[in-house]
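Read off the chains here:
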Amino acid sequence: MSALSELRVGTAAIVESLDLPDEIGHHLMHMGFAPEARVVVVRRAPAGDPTVYSIDGFEIALRRETARFIRVAPQPEGPQ
Amino acid sequence: MNDCCSVGTGVAVVDTIAAPRAPGKIRTVALVGPPNSGKSTLFNRLTGLRQKVANYPGVTVEQHFGKLSGIGRSDLVLIDLPGIYSLDSYSEDARVAVDVLHGAMPGTPAPDAILLVLDSLHLRRQLMLAAPVLALGLPTLVLLNMSDLMETRGGEADTLALAKELGVPVAKISATRGTGLDSITHFLDSKSQPPQASPTTRLELPVMGNARSYRQWATGISTRTKYKAPLSSEWTRKLDGILLHRIWGPLFFLVVVIAVFQVVFTIGQPLSDGFGTILNAGGDKIGGFLGNGWVESLLIDGIWKGVASVLVFLPQILLLFLFIGVLEDSGYLARAALISDRAMRSIGLNGKAFIPLLSAYACAVPAIMATRTIENKRDRFATILVAPFMTCSARLPIYLLMIAAFVPNKHILGGFFGLQAAVMLSLYVLGFLAAFGTAWLLKSSILRTASAPFILELPQYRLPTVRSLSLRVTERGKVFLKQAGTIILCVTVAIWVFSHVPFHTDLPQSLIGRLGHAIEPIIRPLGFNWKIGIGLLSSVVAREVIVGTLGTLYGADPATQSLGLQAALRHDLTLAGAMALVVFFAFAMQCTSTLAIVKRETNSWKWPAIQFTYMSVLAYVAAFATNQIILLFIR
């Protein structure tokens, strides 16, 4: 298990848990970052942060300071 | 809302046919949907031009409502609720939506029916919102928007199967093209009939308030109804490959920024100037008919010219609304936020504040109205409070006049740069520094954010439509005129009265003249005399008014950079005092329109009052320092 922020661009993972305060956690879950969801690291902003993630067909950018509290299980087979 | 009791299973069975508030009669319809579901486009489609915008009482969420004239049902009112992901009330938007849906919002009628708009391209996630909305038990129609796009990209959604699962009618529409809207007419007609003894549908809804169970529920329905998600937009990916590229991305960003300035200043400025000339000529024409009494003076010199001094900015303001609209509708606004987030974060703001602050370089009014895209309230307020420090175009007339009169046109840095240009540039930098310093100060004190994360959804690129852009520009323009108009009218009348009482006296002997004399001891340390004092007092309506006032006081042609006025100023002011004056204008909140818009956007007089006080104190201190430092060097 690792943090979402540690994944490299192009890799995929399954969300396991969110170590964030309830309010933020719920908001992120409604935006797709819920346990069992598959997330792909799409690209980083030109400045290196935030990072764009693809989840449920949506592209959502999160800062490293948020993504590091999202625990994921990396998928070995890589993107799609 | 249904209180569910079963915990752990993730699913609870509830009766959904609760009695509607006014059985059989629909008067008010609520439009509900997640952000980026095309809800606003549909709202515009359904209500046309006849929509009203206001703030909900006590909050800063905008309320849009209008008659359903777009589908020939002008007897019904459509309320557009803010875009929300869920009804769990962690955001002000969601709280407002819940209150309106429960009929608990003062002044807003309880809706009798709901149109739930979902983006059919991403139905699996968008369905999560359906659970809490259906649990309300109101007659609901689910609209799968952008269905044309979904189908061309190979997606499939079975409306009949979905309707069966959800227990309410489901229809495919395209708000942009206006297709499928007859399903709405149909729905409203059938619900206006007295309800037939419809069998109570038993519907499985997830445990309320649990995002995970919503998700399982939504996924279950998508799978059972054989929803097939369309392929993701190829060219959004391709465009992002360029527009978010490490090198090309920031370059394109820079081009956009420069293009905005070019447009605002090369097209907007002449438009504003021309508009001003027309307004003044019109005033003089009408004045000619009125004769030379005090009525003419009040109407023309007072009201007309006062209001005109603000109206001249309308072309620039509308241009900025248009520009922000293009950015937002095309989807580039989110990319701009992504690119600038890193830099904005260093002062405690986020990327979404960048475009508003950029627009503030032309005018703070559209900038402040554009801060609505910043979800976090504290970040949004901080952006609103610092925006007026950006060097707006109303500051240019006094800058140009003072620089032309006092700064020698020498070349510095080996002839590359004029001294006058250098002073102008440093005034821009000064405003920028004040804005960023203040942002930092606010974010580390009264507007400190505990732990609101920056979450940015990147919508797919879309071509903005003329229809939606023109609606947006007229709507924003109306809000500005309505909001600022009344206050500006009051201030201009007050200033006219102060400058003309007692009657038959010149400006120096009037109330405002005496007030200017009275404050002279206070402003003398800044290097200002009583004439400047009068100028400062009269320019609270709009910054550039001071040039006209000084023209009147010095009996010279007030046209910017007029040589007569320049000579008179040089005779009367020191270089230190002149530079202190431009520094004062860099910081001071001499703009009634901005104060009126800040009041509207924060929905309280507290913030404009804080802002006015803070900026005035800062302006005084900075002007004082400028005057003293220059005097020290000259001596």
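As a starting point, this report considers the structure included with it. Nothing here was measured: the structure is a model prediction, and the numbers come from that model. (Residues numbered from 1 in each chain as written. Chains lettered and ligands numbered in written order. Predicted model: local features only at pLDDT ≥ 70, side-chain atom pairs only at ≥ 80, totals over all residues. Heavy atoms only, no water.)

## Details of the sheet that holds strand β2 (residues 12-18) of chain A
- With antiparallel pairing, seven strands are arranged side by side in an open sheet as β1(A)-β6(A)-β2(A)-β3(A)-β4(A)-β5(A)-β12(B). The sheet is open, and its two edges are formed by β1 (2-3) of chain A together with β12 (455-458) of chain B, each paired on a single side.
- Across five bridges, the pairing between strand β3 (residues 38-44) of chain A and strand β4 (residues 51-55) of chain A is antiparallel. Bridge pairing links Val40 of chain A to Ser54 of chain A in β4 of chain A.
- Here helix α1 (residues 22-30) of chain A sits on the sheet and contacts β2, β5 (58-62) and β6 (70-75) of chain A together with β12 of chain B; the angle it forms with β2 of chain A, its principal contact strand, is near 145°.
- On the sheet, helix α9 (residues 234-243) of chain B packs against β3, β4 and β5 of chain A and is oriented at approximately 40° with respect to β3 of chain A. (Pairing = 2+ DSSP bridges. Helix = DSSP H or I, 4+ residues; strand = E, 2+ residues; numbered from the N terminus. Contact = heavy atoms within 4.5 Å. Axes fitted to C-alpha atoms, helices over the stretch in contact; angles between N-to-C directions.)

## Notes on helix α13 (residues 332-345) of chain B
All names here are of chain B.
- Compared with an ideal rise of 1.5 Å per residue, which puts 14 residues at 20 Å, α13 spans 19 Å between its outermost C-alpha atoms and is within 8% of the ideal.
- Roughly 45° is the biggest bend found in α13, and it falls at Ile339.
- Within α13, eleven of the 14 residues are buried, which leaves it mostly tucked inside the rest of the structure.
- Every buried residue belonging to α13 is among Tyr332, Leu333, Ala334, Arg335, Ala336, Ala337, Leu338, Ile339, Ser340, Asp341 and Met344, and all of these are buried. (Expected span 1.5 Å × (residues − 1). Bend = angle between axes of the 7 residues up to and from the residue. Buried < 20%, exposed > 50% of the residue type's maximum accessible area, 1.4 Å probe, protein only.)

## Some points on the sheet that holds strand β5 (residues 73-80) of chain B
Residues and elements named next belong to chain B.
- Strand order in the open sheet formed by seven strands is β3-β4-β5-β2-β6-β7-β8, with mixed pairing between adjacent strands. Since the sheet does not close on itself, it has two edges, and those belong to β3 (51-55) and β8 (170-172), each with one partner. The sheet shows a mean angle of 25° between the axes of neighbouring strands, taken without regard to direction.
- As paired elements, strand β2 (residues 28-32) and strand β6 (residues 113-119) share four bridges and run parallel to each other. Paired with Ala30 across the strands is Ile114, a residue of β6.

## What to know about the interface of chain A and chain B
- Between chain A and chain B, the residue contacts involve 34 residues of the former and 36 residues of the latter.
- Between chain A and chain B lies a buried interface of about 3400 Å² when both sides are counted; carbon and sulfur atoms form 59% of it.
- Taken as a group, His30, Pro46 and Phe58 of chain A account for 24% of the area that chain A buries against chain B, more than any other trio of residues on that side.
- For the interface between chain A and chain B, the tally reads five salt bridges.
- The partner of Arg237 of chain B in a salt bridge is Glu59 of chain A, and the shortest N-O contact between them spans 3.1 Å.
- The interface formed by chain A and chain B holds eleven residue pairs in polar contact (both at pLDDT 80 or more) in total.
- Listing elements by their share of the side of chain A that touches chain B, those giving two or more residues are α1, β3, β4, β5 and α2 (64-67) of chain A.
- Residue contributions to the side of chain A that touches chain B peak at seven residues, all from α1 of chain A. (Buried area = accessible area lost by both parts, 1.4 Å probe. Salt bridge = Lys/Arg side-chain N within 4 Å of Asp/Glu carboxyl O. Polar contact = N/O pair within 3.5 Å; in protein donor to acceptor, adjacent residues only side chain to side chain.)

## Description of a nonpolar patch on the surface
Residues and elements named next belong to chain B.
- Among the surface-exposed residues, Ile286, Phe289, Leu290, Trp294, Val295, Leu299 and Phe503 lie close enough to one another that they form a single nonpolar patch of about 730 Å² accessible area.
- Only α10 (248-290) and α11 (294-311) provide two or more residues apiece to the nonpolar patch.
- Position of Leu290 relative to the elements: it lies in helix α10.
- On the accessibility criterion, Leu290 (39% relative accessible area) is partly exposed. (Patch = residues over 30% accessible without salt bridge, like charges linked within 9 Å, V, L, I, M, F, W, Y side chains within 5 Å. Areas by Shrake-Rupley, 256 points an atom, 1.4 Å probe, with all protein chains shown as cover.)

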